[in-house]
Amino acid sequence: MLSNEQIVEDVLEYWWEKGEDVKAVILVGGEGTRLRPLTFNTPKSMVPILNRPFLEHMIEYLKGHAINDIILALCYRPDHIQRYFGDGSKFGVKLTYVVEDPPLGTAGAVKNLEEHLDETFFVFNGDIFTDLDLTAMMKFHRGEGSKVSIALTPVEDPTTYGVVETNAEGKVKRFIEKPSPDAATTNMINAGAYIVEPDVLSHIPKGLNFTFERGLFPLLLERGVPVYGYQSDAYWIDIGTPESYLKLHHDLLMGRVAKGFPGERAGEGIWVEEGCDIHPQAELKGPIIIGRNCVIGSRAQVKGPSVIGQGCRIGKGCLIDEAIVWQNTCLGQGVSLRRCVVAENVFIGDRSRVMEGCVLGDNVVVGPDEKLTRGTKL
Ligand code: GDD
Ligand code: MG
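Residue indices follow the written sequence of each chain, beginning from 1 at its first position. Chain labels run from A onward and ligand labels from 1 onward, assigned in the order the entries are written. Residues qualify for local features only when their pLDDT is at least 70, as the model is predicted, and side-chain atom pairs are given and counted only at 80 or more; totals for whole chains, interfaces and linings, by contrast, use all residues. Water and hydrogen atoms were dropped before computing side-chain values, which therefore reflect all heavy atoms in the structure.

### Things to note about the sheet that holds strand β29 (residues 353-354)
The criterion, for reference: Two strands pair under a simple rule: DSSP has to find at least two bridges between them. Put simply, DSSP marks the helices as runs of H or I at least four residues long and the strands as runs of E at least two long, and each gets a number from the N terminus on.
Here we have six strands laid out as an open sheet, ordered β17-β20-β23-β26-β29-β32, and parallel in their pairing. Both outer strands of the open sheet, β17 (283-285) and β32 (371-372), are each paired with one neighbouring strand and no more.

### Digging into the coordination of the magnesium ion (ligand 2)
Definition in use: Donors, by definition, are the N, O and S atoms found within 2.8 Å of a metal, the threshold being 3.2 Å for Na, K and Ca, and water is not counted, so a site can look incomplete. Only protein chains enter the accessibility calculation, which uses a 1.4 Å probe; a residue is then buried when its area is under 20% of its type maximum, exposed when over 50%, and partly exposed in between.
Protein coordination at the magnesium ion (ligand 2) comes from Asp127 (OD) and Asp238 (OD), with a distance range of 2.1 to 2.3 Å. On the criterion of sequence distance, the pair formed by Asp127 in the loop between β6 (121-125) and β7 (128-130) and Asp238 in strand β13 (residues 236-238) is long-range, its members being 111 residues apart. Just as Asp127 is buried, Asp238 falls in that class too.

### What about the sheet that holds strand β28 (residues 347-348)?
One open sheet holds the six strands; their spatial order is β16-β19-β22-β25-β28-β31, and the pairing between them is parallel. Looking at which strands have only one partner, the edges of the open sheet turn out to be β16 (277-278) and β31 (365-366). Pairing between strand β25 (residues 330-331) and β28: two bridges, direction parallel. Bridge pairing in β28 links Cys330 to Phe347.

### Let's talk about helix α7 (residues 242-253)
Put simply, the rule is: By this rule, a helix spans an expected 1.5 Å times one less than how many residues it contains.
With 12 residues, α7 should cover 16 Å at 1.5 Å per step; its first-to-last C-alpha distance of 17 Å lies within 8% of that length. Within α7, burial applies to Pro242, Ser244, Tyr245, Leu248, His249, Asp251, Leu252 and Leu253.

### What to know about the packing of aromatic side chains
The cut-off we apply is this: Stacked, tilted and edge-to-face are the three classes applied to pairs of Phe, Tyr and Trp rings, where Trp contributes its six-membered ring and a pair requires centres within 6.5 Å; stacked means planes under 30 degrees apart, edge-to-face means over 60, and tilted covers the rest.
Evaluation of the coordinates by the stated rule reveals 15 aromatic pairs. Arranged with centres 6.4 Å apart and planes meeting at 65°, the rings of Tyr245 and Trp326 form a pair that is edge-to-face. Separated by 81 residues along the polypeptide, Tyr245 in helix α7 and Trp326 in the loop between β24 (324-325) and β25 bring together distant segments of the chain. In this pair, the class of Tyr245 matches that of Trp326, namely buried. Geometrically, the ring pair formed by Phe261 and Trp271 is edge-to-face, given 5.8 Å between the ring centres and 65° between the ring planes. A residue pair is termed long-range when its members are at least 10 positions apart, and Phe261 in the loop between α7 and β14 (264-267) and Trp271 in strand β15 (residues 270-272) qualify at 10 residues. The exposure class assigned to Phe261 is partly exposed, which follows from its relative accessible area of 22%. Through pairs of rings, three or more aromatic residues link up here, namely Phe175, Tyr194, Phe212 and Phe217.

### Things to note about the environment of Leu378
Put simply, the rule reads: Whether two residues are in contact is decided by their heavy atoms, any of which lying within 4.5 Å being enough.
Following the sequence through the fold, Leu378 ends up in the segment after β32. Each C-alpha atom of the pair Leu378 and Ile289 lies 25 Å from the other, and the pair is 89 residues apart in sequence. Setting aside anything within four residues of it in sequence, one finds Leu378 in contact with Pro37, Val359, Leu360, Gly361, Val364, Val366 and Leu372.

### Notes on the site of ligand 1
Put simply, the rule reads: If even one non-hydrogen atom of a residue comes within 4 Å of a molecule or strand, that residue is called near it. Polar contact is the term for a pair of N or O atoms within 3.5 Å; when the atoms are in protein, one must be able to donate a hydrogen and the other to accept it, and sequence-neighboring residues count only if both atoms are side-chain atoms. Note on areas: Shrake-Rupley, 1.4 Å probe, and residue coverage restricted to the protein chains presented here. Amino acids are sorted into nonpolar (Ala, Val, Leu, Ile, Met, Phe, Trp, Tyr, Cys and Pro), charged (Asp, Glu, Lys and Arg) and polar (every other residue, Gly among them).
For ligand 1, the set of nearby residues contains 27 residues, the closest of which are Glu100, Glu177, Asn190, Glu213 and Asp238. Between ligand 1 and Arg34 there is a distance of 3.2 Å, counted from an oxygen atom to a side-chain nitrogen or oxygen. Take Gly126: an N or O atom from its main chain is 2.8 Å from an oxygen atom of ligand 1. Look at ligand 1: alone it shows 740 Å² of surface, and the protein chains cover 89% of it. The residue makeup of the shell around ligand 1, split by class, is 11 nonpolar, eight polar and eight charged.

This is the structure:
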């Protein structure tokens, strides 16, 4: 496997050869309805993954592929994102923000920032986590003389995605967004990462709500414009549902994707950030990440894969088993959390139990001795 430095070198050499400064557009305008209640206050692209906003991981990934010029197409709660990332310099990239009101759809959003795009560019859905090799994809795109290349990934149930039918050379024959089970002829789906030639933008109407999936792709195919699907065995997930949000954490913590963890290593698979007060009789079993300034009481058990956000207080005898807890949440004594997500500033009273699949939004208060049954959303 190539080291990260080698990948960057390889990419830089490739871009330099082409004399390009490749830009990426990230679509972050969606409301994230399927992730509710987690997205009531937090845009989907800002939900924490390993205690850092999702988008920060995405920016780091693009930077790792020598893509430093990133345009964010925003709509829902833009200030949240702009406040955190500023001009991008703190993260080593240049960020440009373009805000839509009302939403223009995935392709309309890109048309809306056309003035920034005069070379071949990337577009990413703002909710996908992948280690896709972008240089290899660019080589494929050039090699085929493609106008739009769509990264493809196999999934078990393609009906909640965009299904992409290709021929043996990878040329796209049909694109069907969210097909019914009998219309899904392949399990290869649109991974939400595209390489686009700027002249393709002339096919998108200005100022109208228009999507890649139901509008542009079918239109390009009808007009005979060459669209290709790029298959790879990269890691890929869309974090759009609580189940996939948990799965991504699970995969990252279990080491299925190469990723550094924040904090100091305090034991086998245990990462603790500064300022924590962990009782010597607390039991920690990795892989876990504990954010800054957390307090963990005696006989509390934290079992991985789990993440605890900064400033949390975990009372005596609590059990946290495969759970994701956001910042400033407080658990009384003897509380148990199992395979669930608890957002920020939540308070859970003594001895309450939160079962598998529960999702608790920001500021929720649960009294003592409650039992939240499987799948409860508050
Ligand atoms: N700026 C902007 N404006 N962004 C938008 C808009 C809009 O009007 N609508 C959606 N987005 C952003 C969302 O924030 C998200 O990052 C991305 O576009 C895709 O929208 P989703 O709502 O997450 O779509 P999906 O997951 O149902 O389906 C899409 O992704 C699948 C892969 O995860 C489609 O592209 C499918 O074809 C694909 O398979
Ligand atoms: Mg999505």
